[in-house]
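Read off the chains here:
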Amino acid sequence: MASIYIETFGCQMNEADSRYIADRATASGYEIATDPALASVVVLNTCTVRDNAERRAYGRMSHFKALKTADPAMKIVVCGCLAEQDRDRMQTLAPHVDAVFGTSDLVRLGDALAAWRPDFVDDEASEARALLRPLGGAADCVTDGYSHLRAFVTVQRGCSYYCTFCIVPHVRGRFDHRPMGEILAEVRSAIAAGARELTLVGQTVNAYRDPAGGADFADLLETVAALPGLERLTFVTSHPKDFTEKLARTLGAVPQLNPRLHLPVQSGSDALLRRMNRKYTIAQYEEKVGWLREHAPDCVLTTDLIVAFPGESEADFEATLELCGRMGFAQAFMFVYSPRRGTPAALWEQIPPEVGGERLRRLAQTVDRGIRALHRTKTGSVVRALVQGPSRKDPAKLAAKTLENITVVVPDAGLREDEVVARPWLEVRVDEAFTWGCTGTLTGIAEHFDGPARPVAGPAYDLLALR
Ligand code: SF4
C-alpha cells in the first residue's frame, strides 16, 4: 500500500500545512508511515527562519538520499519556506529530490500525491478515510493517535511587515487573508473529526481582516467560538502592533478562549525595535499588556526574544532583561540572532557569536525565574489538561497541556490509548513544578472540558505500597 512519511520543521504554520498534506494523502488512499524507510513518499516540510533549521533540512535530505538509493521508486518531496527560497539551488545541492513545492503550492502537492497513487479510487471508502484521520504515530506528531484532538486552521498566509531580520514576507509573500466562510467550514470539519482544541494560525494572525465582510480578528474569534461543539480555542502568532483593546476584551469575555497570548516583543530596547522595523515602542507594548491584564487577568503572556541583533549594545540588552523582569513571561522562545540571506539585517555588522551566547544564557536565567514562579502557582491545584500522548522521556507517562500551555506529566495509570482518546481531558493534581512544566497525579479523565471526569485509580505500585 502507498504510504507517506511527513517530517515538519518550524512554526505552527508548517504544522498546519503538514496536517493538510496528511489529510490530502489519506484521502488519496495513502497510509501514514512512521518510518521514512517504509514510505513510498517522504515529505520534508522545511523552515528558513534560522540558519540551523536550514542546515538540518539539508542534512535530512542527504539522509533520505540513502533511502532513495535503496528504493529508487521512493519519491522525496520538499515543501515549505526553504523550498520557496532555494527552489533552484536545491536542484544542485540535492538532485535526488523529486519535487519541490513552495508555500503557496500545497494544493498542487495534494494533486501530485493523488497522481502518484495509481490505484486511487475516489469512492466512499476514501472519503471515510479522510475523516477518520490516520492512527499510528509519526516523528513530528503530525499524525499519531492523539493528533486529531488538536486542529490547526490557517486563517492567513504571508506577512506584509518586513521585519529586518525575517525571511517570511520574502518567501511567503504579503498578507493573504482567507474568507471567514472558508475558515468556519474548515473549523466545523475539524470539530466533526474530533478536535477538542482549535488553533487559528497566521504569521500575524491578529492582523486578520475578512476579505469578504471586513470582520476583524476579534470578530473572527467570537464567531468561531460560537460554533457548536467547539471546546477550546486559541491562536498564534499575534503582532503587538495589531493587538487592540477590543481583542483584550474578547480574550476576557469569550469562555472558550484559552487564557494565553503569545505576543512577541523581540527586544526591550526602542532603538533595537526601530532597527528591527517592529512598528511599536516598549511603552506601546506595555500599554497593550496593560489592556490584557485589565480585561483578561487570568491570561498568561508568552513571547519571542532575539539577542545579539546587529547594533545591540550592552545597555539595549539590559533593557531586554529589565523588560522580562517586569513582564514575568510565562514562556519565551529565545534566540541568538541568525542572519537570513535576503534580509536587510544580514548585511549589517554582526555581533560576535560568543557575545550572543553569553547574552542568551543571562536572558534564559531571567526568563526562567518568571516561568518557575508561574508553574509553582499550580502546585497543589487540580487542572484540566488536554492529552498529547505518551511522554517522550518515559512512555509509561502521559504528557498533556493545560489551557495556559503548561506541560504536565503524569503516570498513565494503566489506561489504554483508546480510553484516553475517548476521554482526552486529564484531571491532574499538580505535585511539583519545574522550569519545563509540572508533574502530577492523574485523578480523572473527562470526555469534555466542561464535563464530569471519570475517576482514575492510582497506578498499581501505589496500591502495593499501601498494603
Ligand atoms: S511580523 Fe515580522 S517577524 Fe512576524 S512574520 Fe512578519 S516580518 Fe516576520
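Going by the structure above, here's the rest.
A. Geometry of the pairing of strand E1 (residues 3-8). In this structure, E1 lies alongside strand E2 (residues 31-32), joined through two bridges in parallel fashion. Looking at E2, one finds that isoleucine 4 is bridged to isoleucine 32. A crossover connection joins E1 to the parallel E2 through helix H1 (residues 12-27); in handedness this β-α-β unit is right-handed. In this structure, E1 lies alongside strand E3 (residues 41-46), joined through five bridges in parallel fashion. For tyrosine 5, the partnering residue across the bridge sits in E3 and is valine 42.

B. Representation of the sheet that holds E3 within the structure. On the basis of which strands lie adjacent, the open sheet formed by five strands has the order E2-E1-E3-E4-E5 and parallel pairing. Two strands close off the open sheet at either side, each with one partner strand: E2 and strand E5 (99-101). Contacts between H1 and the sheet are confined to E1, E2, E3 and strand E4 (75-80), with E1 contributing the most and set at about 175° to the helix. Helix-sheet contacts for helix H2 (residues 51-70) involve E1, E3 and E4, and the interaxial angle to E3 is about 175°.

C. How the structure looks around the packing of helix H13 (residues 314-327) against helix H14 (residues 353-376). Here H13 crosses H14 at 10°, and the two axes come no closer than 9 Å. Comparing the axis directions of H13 and H14 gives the class roughly parallel. In this structure, H13 contributes Phe317, Thr320, Leu321, Cys324 and Gly325 to the contact, and H14 contributes Arg359, Arg362, Leu363, Thr366, Val367 and Gly370. Considered class by class, the residues forming the contact of H13 with H14 number five nonpolar, four polar and two charged.

D. Representation of the nonpolar core within the structure. One finds Ile4, Val42, Val153 and Leu426 to be the most contacted residues of the largest nonpolar core, which totals 128 residues. Taken domain by domain, this core gets at least three of its residues from each of domain 1 (1-144) and domain 2 (382-466).

E. Quick peek at H1. End to end, H1 covers 22 Å across 16 residues, agreeing with the expected 22 Å (1.5 Å per residue, within 8%). One or two positions beyond H1, positive phi appears at glycine 29, with a value near 95°.

F. Spotlight on the sheet that holds strand E11 (residues 260-262). With parallel pairing, three strands are arranged side by side in an open sheet as E11-E12-E13. Bordering the open sheet on either side are E11 and strand E13 (331-336), each of which pairs with just one other strand. If you compare each strand with its neighbour and ignore which way they point, the axes differ by 10° on average. Bridging between E11 and strand E12 (residues 300-307) involves three bridges; their strand directions are parallel.

G. Structural view of helix H5 (residues 106-116). When H5 is considered as a whole, its buried residues turn out to be Leu106, Leu109 and Leu113. Along the axis of H5, the buried residues cluster in a sector spanning 50°; they form a single face. Exposed residues pointing more than 90 degrees away from the buried face of H5 are listed as Val107 and Ala115. Considering only its buried residues, H5 is in contact with H1, E3, E4 and E5.

H. Up close: the environment of threonine 377. Positionally, threonine 377 belongs in the loop between H14 and strand E14 (382-390). Separated by 268 residues in the primary sequence, threonine 377 and leucine 109 place their C-alpha atoms 46 Å from one another.

I. Spotlight on the environment of histidine 170. Following the sequence through the fold, histidine 170 ends up in helix H7 (residues 168-172). Along the sequence, histidine 170 and proline 240 sit 70 residues apart, while their C-alpha atoms lie 21 Å from each other.

J. Structural context of the packing of helix H9 (residues 217-225) against helix H10 (residues 245-253). Contact geometry of H9 with H10 gives a least axis separation of 9 Å together with a crossing angle of 20°. It follows that H9 is roughly parallel to H10 by the angle criterion. Between H9 and H10 lies a crossing whose hand is left-handed. Within the contact between the two elements, H9 uses Phe217, Ala218, Leu221 and Glu222 and H10 uses Lys246, Leu247 and Thr250. For the contact of H9 with H10, the per-class residue count stands at four nonpolar, one polar and two charged.

K. Spotlight on unusual backbone geometry. Looking along the chain, the bond that leaves valine 236 and enters threonine 237 is cis, with omega of -10°. With respect to the helices, strands and loops of the structure, threonine 237 is situated in the loop between strand E10 (232-236) and H10. For tyrosine 162, which is not glycine, the phi dihedral falls at a positive 50°. Structurally, the position occupied by tyrosine 162 is in the loop between strand E7 (156-157) and H7. Of note in this structure, glutamine 266 is not a glycine but carries a positive phi near 75°. Positionally, glutamine 266 belongs in the loop between E11 and helix H11 (270-275).

L. The pairing of E3, seen in detail. The element E3 is extensively covered by neighbouring structure, given that six of its six residues are classed as buried. Neither face of E3 is open: one carries Val41, Val43 and Asn45, the other Val42, Leu44 and Thr46, and all of them are buried. Judged from the six bridges that link them, E3 and E4 form a sheet pairing that is parallel. Across the sheet, the residue bridging to valine 43 is valine 77, located in E4. For the crossover that starts at E3, traverses H2 and ends in the parallel E4, the hand is right-handed.

Definitions and limits used
- Residues numbered from 1 in each chain as written.
- Predicted model: local features only at pLDDT ≥ 70, side-chain atom pairs only at ≥ 80, totals over all residues.
- Pairing = 2+ DSSP bridges.
- Helix = DSSP H or I, 4+ residues; strand = E, 2+ residues; numbered from the N terminus.
- Right-handed = clockwise from strand over helix to strand, strands pointing away.
- Contact = placed C-beta atoms within 7 Å.
- Axes fitted to C-alpha atoms, helices over the stretch in contact; angles between N-to-C directions.
- Parallel < 35°, antiparallel > 145°, perpendicular 65-115°, else oblique.
- Nonpolar A, V, L, I, M, F, W, Y, C, P; charged D, E, K, R; others polar.
- Core = buried A, V, L, I, M, F, W, Y, C linked by C-beta atoms within 7 Å.
- Buried ≥ 20, exposed ≤ 12 C-beta atoms within 10 Å, placed from the backbone.
- Domains from an automatic or database assignment.
- Expected span 1.5 Å × (residues − 1).
- Arc of directions from axis to C-beta.
- Left-handed = near helix turned anticlockwise from the far one by under 90°.

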